[in-house]
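In case you want the letters, here they are:
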Amino acid sequence: MLETSIPAIETRRPELLWVGSGAWVACDPSLDPTDPRRVVAYLECKDDLVYVLWVAGAAGVCEFGSIRDALEQIAHKLAPVAL
């Protein structure tokens with residue numbers, strides 16, 4: 001019998017850099033700190049919402065009810081594409 005295993009998709013958690021007053025920059029920890037592609041999104045907590053301004057991949061602003069929800073979405077974007 002032939003056994004085939006499918007590797008699990010590894011989730012990369014974004015690195016958060018605090019930029020002050022309820023704002024963070026989310027970075028891809030797998031890239032070198034000098035790589036400009038490292039910055040993925042800008043997050044700002046305001047009015048009981050978390051606003052995410054996408055810097056890489058997608059354009060626009062998304063709103064989330066919590067920082068956890070925002071980070072999960074960012075981590076999902078950092079996940080490698082399954083072939």
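First, a word on scope: everything that follows refers to the structure included in this document. (Residues numbered from 1 in each chain as written. Predicted model: local features only at pLDDT ≥ 70, side-chain atom pairs only at ≥ 80, totals over all residues. Heavy atoms only, no water.)

**Some details on the overall build of the chain**
Phase 1: Each helix and strand counted, the chain has one helix and five strands in total.
Phase 2: Ordered by position in the sequence, the α and β elements of the chain form the string β-β-β-β-β-α.
Phase 3: Within the chain, buried positions represent 24% of all 83 residues.
Phase 4: A separation of at least 24 residues holds for 23% of the contacts in the chain among residues at least 6 apart in sequence.
Phase 5: A total of about 6,100 Å² of accessible surface is found on the chain, and carbon and sulfur atoms cover 57% of it. (Helix = DSSP H or I, 4+ residues; strand = E, 2+ residues; numbered from the N terminus. Buried < 20%, exposed > 50% of the residue type's maximum accessible area, 1.4 Å probe, protein only. Contact = heavy atoms within 4.5 Å. Areas by Shrake-Rupley, 256 points an atom, 1.4 Å probe, with all protein chains shown as cover.)

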